[in-house]
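Letter by letter, the chains look like this.
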Amino acid sequence: MTPPPGLDRRLFLALGVGSAAATGIVGPVWANPRFGSDPFAVGVASGEPRTDAVVIWTRLAPDPGALDGSGGMPDRRVPVSWQVAEDEQLRRVVRSGATVTSAEVGHSVHVDVTGLQPGREYFYRFRVGQDVSPVGRTKTMAAGTGTRDMTFAFASCQSYSNGYFSGYPHMVADDPDVVFFLGDYIYRQPGLVTPGGGHLVERQNAPQHSCETLADFRLRYAHYRTDPQLAEAHRLLPWVVTIDDNEIDNNWFSTDPDPARVARRIVGMQAFWENMPLLPSSRPVGWQLPVAYRRLSYGDLVDFHVITTRHFRQESPSGECAVEDRDGGFCPPALDPDRTILGDQQERWLHDGLRTSTAQWNVLANQVFFTMRDKNKNAKPDKDVNLAAWDGFVADRQAILDLLAAEHIRNFVVITGDSHRNWVANTPPTYRDWDTGAPPIATEFLVTSINSGGERVPNPTYGPAKQSTPHLLYRDNSHGYALATVDRDQLRIDYRAVSTVLSPAATIETISSWTVADDQPGAVAL
Ligand code: FE
Ligand code: CA
């Protein structure tokens, strides 16, 4: 294994990623593994549902709090077997197999189970030695034409020390066909518990410092999964996970050459893959995920275009320029046609996918604010846009919007995380249409954080109420998730808000509901 450009080979090997492969050390398989406690303490998960396949996942970690990130596993190769069945008692097993895991992959197990039926519920479990995992439950995507309806949930941003992940039991009860997690699954920082800091004393993070090494990141993920509400949501629903910045580094970008941050990207990405129900083939190469962007379809009803706005993005541009140099409120660097948030290859893939889609709805699973937003609190003479979001990369966004118009691509809906707020945005057709009354060409629904930011006094009516941004229809500061219900005629969003993140026993309430009608971009409040 060779280090990525710009990274010293010794430092690379010291990270411990792929070191066994590099040195050729492969130990014998542990024939009769025995553990002092449950090796499935961090649970099971499924993800990447397709019409005929789904990934099932686990990670052997009898001691999830082990400070060396090992999960309490010895540095040995361990055989793990698995079964997938049609029934919860696993009497009607339809697929089974065995694999070997090792310390090199944090004793994680990723199995891409193929040969399944579309639109079906399945159950699965793992076995290691005498220990059997909890039974997981998953679903495949529907296939064929005439698919009538489906539901999906989306969420983002969870900080262990900010409180409980109290929305998840309600998400499970809502029983969506699939869950999209749009980034900030962990935070690299521990979220120090400080007086008045919005953190819960009983929710101390592990490790209690910012993650630097692979061991740190492995421990962070294992610690999160000891949260029973998070673990149950993984056990009972299939997830499609994407990465944003805080799994690695605040506002990281791919062209940053700083060796320490490159090193962190490598270990952060390795731990992300190890701990998520991602494809086995997406095991990181350096810090790149081989399957960072992908398309998942639910019959002919929805094409989900799952993108990454981190792996290929350039640095955010400067927002400083003279007022007379601004165009639509943007300084020239933000409008530079060569500046990219998607990268050329992903952009071509997305455009091709949109152009050739035959689905009723095209949903972009996205990480950061897509629609333009003016943060100006009247202190500046012109717009104050968020250059860390798509507003810093106007050309990439405009190319998508132009494509929607030119090719009459129907029903383009963006779902987004990151902002720790719920927002509804009617995306104008160009970056100059701040307040021109031009009809929207797309619709964006941003979901708040699971709990990042900590407990809040609910305020469903504040902001934006700015004359410059009539296309921003709604803003709310609750915690929770969003639930989408899709049929041939409409896509409906229900914002689901928890009563508290100070306790796992929160109640849930739909605080706002919106629909997008077929062939009519823009959200309508219910
Ligand atoms: Fe966040
Ligand atoms: Ca983020």
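Presented here is a report on the structure given in the accompanying data block. (Residues numbered from 1 in each chain as written. Chains lettered and ligands numbered in written order. Predicted model: local features only at pLDDT ≥ 70, side-chain atom pairs only at ≥ 80, totals over all residues. Heavy atoms only, no water.)

1. Some thoughts on the coordination of the calcium ion (ligand 2)
Around a metal, the perfect tetrahedron of four donors has angles of 109.5 degrees, and the perfect octahedron of six donors has angles of 90 or 180 degrees. On the protein side, the calcium ion (ligand 2) has D184 (OD), D184 (OD), D244 (OD), D245 (OD) and D418 (OD) as donor atoms, found 2.2 to 3.0 Å from it. Read in sequence order, the donor residues coordinating the calcium ion (ligand 2) give the pattern D-x59-D-D-x172-D. In this model, the calcium ion (ligand 2) sits 4.0 Å from the iron ion (ligand 1), the two metals being bridged by D184. Summarising the burial analysis for this pair, D244 and D245 share the class buried. (Donors = N, O, S within 2.8 Å, 3.2 Å for Na, K, Ca; no water. Buried < 20%, exposed > 50% of the residue type's maximum accessible area, 1.4 Å probe, protein only.)

2. Considerations on the coordination of the iron ion (ligand 1)
The coordination sphere of the iron ion (ligand 1) contains the protein donors C157 (SG), D184 (OD), Y187 (OH) and H420 (NE2), at a distance range of 2.1 to 2.5 Å. Taken together, the 4 donor atoms surrounding the iron ion (ligand 1) define angles of 87 to 165 degrees at the centre, an arrangement classified as irregular. A residue is classified by how much of its surface remains accessible, and H420, at 18% relative accessible area, is buried. (Tetrahedral: all angles 85-135°; square planar, octahedral: opposite > 155°, others 65-115°.)

3. So, the sheet that holds strand β18 (residues 472–476)
The strands making up a sheet associate through hydrogen bonds between their backbones, and the pairing can be parallel or antiparallel. What the 7 strands build is an open sheet, ordered β12-β13-β14-β15-β17-β16-β18; its pairing is mixed. Of all strands in the sheet, those bounded by a partner on one side alone are β12 (294–298) and β18. Going from strand to strand, the sheet's axes swing by 15 degrees on average, the running direction of each strand aside. Across the sheet, helix α8 (residues 344–356) touches β12, β13 (302–306), β14 (361–366) and β15 (412–416), and the angle it forms with β13 is around 175 degrees. (Pairing = 2+ DSSP bridges. Helix = DSSP H or I, 4+ residues; strand = E, 2+ residues; numbered from the N terminus. Axes fitted to C-alpha atoms, helices over the stretch in contact; angles between N-to-C directions. Contact = heavy atoms within 4.5 Å.)

4. Here we look at the nonpolar core
In terms of nonpolar packing, the biggest core is built from 41 residues, with Y168, M171, F181, Y185, Y224, W239 and F272 touching the most fellow members. Elements supplying a minimum of two residues to this core: β9 (149–155), α3 (168–174), β10 (178–181), α4 (214–225), α5 (228–236), β11 (238–241), α6 (259–275) and β19 (480–487). Here the element with the most residues in this core is α6; it accounts for 7 residues. Setting aside chain neighbours within four positions, we find W239 in contact with S46, G47, E48, P49, Y168, V179, F181, Y185, L230, A233, H234 and P277. The next biggest cluster of nonpolar side chains, apart from the first, holds 33 residues, and it includes F152, F154, V413 and Y495. (Core = buried A, V, L, I, M, F, W, Y, C linked by side-chain atoms within 4.5 Å.)

5. A look at empty space enclosed by the protein
By rolling a water-sized probe across the atoms, one finds the places where empty space is left. The tally for this structure, following the rule as stated, stands at 1 cavity of 30 Å³ or more. If you add up the space inside the largest cavity, you get close to 70 Å³. The class makeup of the residues in the lining of the largest cavity is 8 nonpolar, 5 polar and 1 charged. (1 Å grid on protein atoms, 1.4 Å probe; cavity = no way out; pocket = protein on both sides within 12 Å on 5 of 7 lines; lining within 4 Å. Points joined across faces, edges and corners; volume = space filled by probe spheres on them. Nonpolar A, V, L, I, M, F, W, Y, C, P; charged D, E, K, R; others polar.)

6. Some points on the side chain of T443
By the secondary structure assignment, T443 is in strand β17 (residues 442–446). Separated by 2.8 Å, the side chain of T443 and the backbone nitrogen of G522 make a polar contact. The contacts of T443, once residues within four sequence positions are left out, are F412, V413, V414, A425, N426, T427, V516, P521, G522 and A523. (Polar contact = N/O pair within 3.5 Å; in protein donor to acceptor, adjacent residues only side chain to side chain.)

7. Topic: helix α9 (residues 394–406)
For α9, spanning 13 residues, the distance from its first C-alpha to its last is 18 Å, which sits close to the expected 18 Å at 1.5 Å a residue. Of the residues making up α9, those classed as buried are V394, D396, R397, Q398, I400, L401, L403 and L404. Buried residues belonging to α9 abut α7 (332–335), α8, β15, β16 (422–427) and β17. Following α9 by one or two positions, H408 has its phi on the positive side, about 50 degrees. (Expected span 1.5 Å × (residues − 1).)

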